[in-house]
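What the coordinates show
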Amino acid sequence: MNVLLVGSGGREHAIAWKLAQSKDLAKLYIAPGNPGTAQCGENVPIGTDDSGKLLEFARQNNVGLVVVGPEDPLAAGLVDAFESAGIKAFGPSAKAAQLEADKAFAKQLMRSSSISTAEGRTFDRYEDAKAYIASRDEPVVVKAAGLAKGKGVYVCDDPSDGILAAEKVMCDRIFGSAGDTIVVEDKLLGEEASILAFVDGRNIYVMESSQDHKPIGEGDTGPNTGGMGAYSPAPVVTEELMDQITREVLVPMVDGMNRNGTPYKGMLYAGIMVTAGGPRVLEFNVRFGDPETQPILMRLKSDLLEVMLAVCDGTLDQVTLEWDPRPAVCVVMASGGYPDDYEKGKEITGLKEAEELDDVIVFHAGTKEQDGNILTNGGRVLGVTALGETIADAKTRAYQAVDIIGFEGAYCRRDIANKAIR
Ligand code: AMP
Ligand code: GLY
């Protein structure tokens, strides 16, 4: 079968790498892809927002399955477009993708499905948000309701910072219309975990747990990013806790989506805070996590294409996933300055040498090829991922590889996976 994967980040390189190992794969196309995905299949220069050209390409190249990686094209209805044309597509419909694209919708659905989450209120007028935040003397979390590349959330220990955040989002409109509505939440305390599950509308298959590192700075300081590193499994997620999250979060959400008339199919990602009072949902995403996918898929032994087709066909109950018991750690190397402004076009050295290390894969995210050289081309540049006998071993191997790679201004956190080792 020919497969078209849509996207160009580190997550897509990991998905492409895994799909390329499938026994049923004939040809893999990636639109637009990056120099990493080019090692797994053929990159096609079509943007993720150009549904007309993507559809035409899929028809001309006998594509049997389309896999949509990022949230923007999902929210814009790319899966709906392919399905209307009779082509199987992995991912939720535009309506179901609101679960990520509209945090107010997600909050509402969590409430009506009795799913534990932080107390929160939704505002579409700055004055109301300001008055509410000012009336509280606890920390608040201010969230742009729309899509903001993982940067639309402000955890504010001081309410006056919360008011400033609301002003930036609603009045200065730094995320455009994505910030016309905000959600203001109580701050939750605990350890975070990412729970990713395949969903076929009815059946749920939960993958191994993982943990992301959202803030830019070591010790979880500074502004949030798309994610600076991840590991799998996350020791904080015991088998018992995973069962509880499945029962109290995933099952009611899939039921709730059906009741709401927006049935869910694809990858469902629950961002969880493990609090003293039990698991609470921070957010839902409607796609694979980035960078969680990199360590998770490095541990997946089963055929990814087979699972994705089972999701599309509604036969997920017939699938069993097998895992490499060894943990994996992914360290993101970013451009200096990210998540604010950064420069692009810096030559990356040491990629080949790093990849020669055993059980190490360097997933590309923001890179481009020029005259045979690989250059930086985004905020998050690489996801250096390693398997190890223990999580500490995987961490050591990942950083060994990181230390071989260089580019001007390269930045990474040095404490990825420390929480799992402590
Ligand atoms: P979200 O995109 O909603 O997951 O938020 C991004 C990050 O902000 C999360 O991964 C958490 O680190 C943090 N965060 C979000 N909501 C809360 C909350 N209610 N309490 C504490 N931290 C939060
Ligand atoms: N790593 C967080 C996300 O994918 O949204």
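Now for a quick tour of the structure.

Rules and cut-offs
Residues numbered from 1 in each chain as written. Chains lettered and ligands numbered in written order. Predicted model: local features only at pLDDT ≥ 70, side-chain atom pairs only at ≥ 80, totals over all residues. Heavy atoms only, no water. Near = heavy atom within 4 Å. Polar contact = N/O pair within 3.5 Å; in protein donor to acceptor, adjacent residues only side chain to side chain. Areas by Shrake-Rupley, 256 points an atom, 1.4 Å probe, with all protein chains shown as cover. Phe/Tyr/Trp six-rings, centres within 6.5 Å; stacked < 30°, edge-to-face > 60°. Helix = DSSP H or I, 4+ residues; strand = E, 2+ residues; numbered from the N terminus. Buried < 20%, exposed > 50% of the residue type's maximum accessible area, 1.4 Å probe, protein only. Nonpolar A, V, L, I, M, F, W, Y, C, P; charged D, E, K, R; others polar. Salt bridge = Lys/Arg side-chain N within 4 Å of Asp/Glu carboxyl O. Contact = heavy atoms within 4.5 Å. Disulfide = S-S within 2.5 Å. Pairing = 2+ DSSP bridges. Axes fitted to C-alpha atoms, helices over the stretch in contact; angles between N-to-C directions.

Turning next to the site of ligand 1. Glu185, Asp186, Leu188, Glu192 and Glu283 are the nearest of the 16 residues found near ligand 1. Take glutamate 185: an N or O atom from its side chain is 2.7 Å from a nitrogen atom of ligand 1. Between ligand 1 and glutamate 283, the relevant distance is 2.8 Å, taken from an oxygen atom to a side-chain nitrogen or oxygen of the residue. For ligand 1, whose free accessible area comes to 470 Å², the fraction covered by protein is 94%.

Moving on, we get to the packing of aromatic side chains. Tallied over the entire structure, the rule returns 7 aromatic pairs. With a centroid separation of 6.1 Å and 80 degrees between ring planes, the pair formed by phenylalanine 198 and phenylalanine 288 is classed as edge-to-face. You can see phenylalanine 198 sitting in strand E10 (residues 191-200) and its partner phenylalanine 288 sitting in the loop between strand E17 (278-285) and helix H10 (293-299), a full 90 residues away along the chain. Exposure remark for phenylalanine 198: the relative accessible area of 0% places this residue in the buried category. Owing to a relative accessible area of 3%, phenylalanine 288 belongs among the buried residues under this scheme. An aromatic cluster of three or more residues is present, and its members are Phe90, Phe198 and Phe288.

Let's shift gears to the site of ligand 2. In the vicinity of ligand 2, the contacting residues are Asp212, Lys214, Gly226, Tyr269, Asn285, Arg287, Gly289, Asp290, Pro291 and Glu292. Between glycine 226 and ligand 2, the recorded distance is 3.4 Å, taken from a backbone N or O atom to a nitrogen atom. Side-chain polar atom of glutamate 292 to a nitrogen atom of ligand 2: 2.8 Å apart, as the coordinates give it. Here ligand 2, which alone exposes 200 Å², has 95% of that area covered by the protein. When its residues are assigned to classes, the shell around ligand 2 shows 2 nonpolar, 3 polar and 5 charged.

Here the focus is the pattern of salt bridges. What the rule picks out here adds up to 29 salt bridges. Close ionic contact of arginine 326 with aspartate 359 constitutes a salt bridge, the shortest N to O distance being 3.0 Å. One end of the pair, arginine 326, is in the loop between helix H11 (304-313) and strand E18 (328-334); the other, aspartate 359, is in the loop between helix H12 (351-355) and strand E19 (360-364), and 33 residues separate them in sequence. The network of salt bridges with shared partners includes Asp220, Arg413, Asp415 and Lys419.

What follows concerns the environment of valine 155. Within the secondary structure, valine 155 is located in strand E8 (residues 153-156). A residue is classified by how much of its surface remains accessible, and valine 155, at 46% relative accessible area, is partly exposed. Each C-alpha atom of the pair valine 155 and asparagine 224 lies 8.8 Å from the other, and the pair is 69 residues apart in sequence. Apart from the residues lying within four places of it in its own chain, the contact partners of valine 155 are Val140, Val141 and Lys187.

What the rule picks out here adds up to 0 disulfides. With no disulfide of its own, cysteine 171 has cysteine 156 as its nearest cysteine by sulfur position, at a separation of 15 Å. With no disulfide of its own, cysteine 412 lies closest to cysteine 330 among cysteine sulfurs, the gap being 11 Å. The buried category is assigned to cysteine 412, whose relative accessible area is 11%.

The next point concerns the pairing of E18. Most of E18 is tucked away, with 7 of its 7 residues classed as buried. Of the two faces of E18, the one carrying Ala328, Cys330, Val332 and Ala334 and the one carrying Val329, Val331 and Met333 are both buried. Of the strand pairs in this sheet, strand E15 (residues 229-232) and E18 are connected by 4 bridges, and their pairing is antiparallel. Among the inter-strand pairings, serine 232 is bridged to a residue of E18, identified as alanine 328. Sheet analysis places E18 next to strand E22 (residues 380-387), joined by 7 bridges and oriented antiparallel. Looking at the pairing, methionine 333 lines up with leucine 382 of E22.

Let's shift gears to helix H6 (residues 103-112). The buried fraction of H6 amounts to 7 of the 10 residues, a majority that puts the element mostly inside the structure. Of the positions making up H6, those classed as buried are Lys103, Ala104, Phe105, Ala106, Lys107, Leu109 and Met110. Taking the backbone nitrogen of alanine 104 as reference, a side-chain oxygen 3.0 Å away marks aspartate 102 as the first, capping residue of H6. Following H6 by one or two positions, serine 114 adopts a phi angle in the positive range, close to 55 degrees.

This part is about the sheet that holds E22. The strands making up a sheet are joined through hydrogen bonds of the backbone, oriented either antiparallel or parallel. In space, the 5 strands of this open sheet follow the order E12-E15-E18-E22-E19, with antiparallel pairing throughout. Edge strands, defined here as strands with exactly one partner in the open sheet, are strand E12 (211-212) and E19. Helix H13 (residues 391-402) contacts E15, E18, E19 and E22 of the sheet and is inclined by roughly 30 degrees relative to E18.

Time to look at the side chain of glutamine 294. Secondary-structure assignment places glutamine 294 in helix H10. Discounting chain neighbours no more than four positions away, the residues touching glutamine 294 are Gly10, Arg11, Ala14, Gly289, Cys330, Phe363 and Thr385.

Glancing now at the sheet that holds strand E11 (residues 204-206). With antiparallel pairing, the 4 strands of this open sheet are ordered in space as E11-E10-E16-E17. Looking at which strands have only one partner, the edges of the open sheet turn out to be E11 and E17. Adjacent strand axes in the sheet meet at a mean angle of 35 degrees, parallel and antiparallel pairs treated alike. Sheet analysis places E10 next to E11, joined by 3 bridges and oriented antiparallel. If you follow phenylalanine 198 over to E11, its bridge partner there is tyrosine 205.

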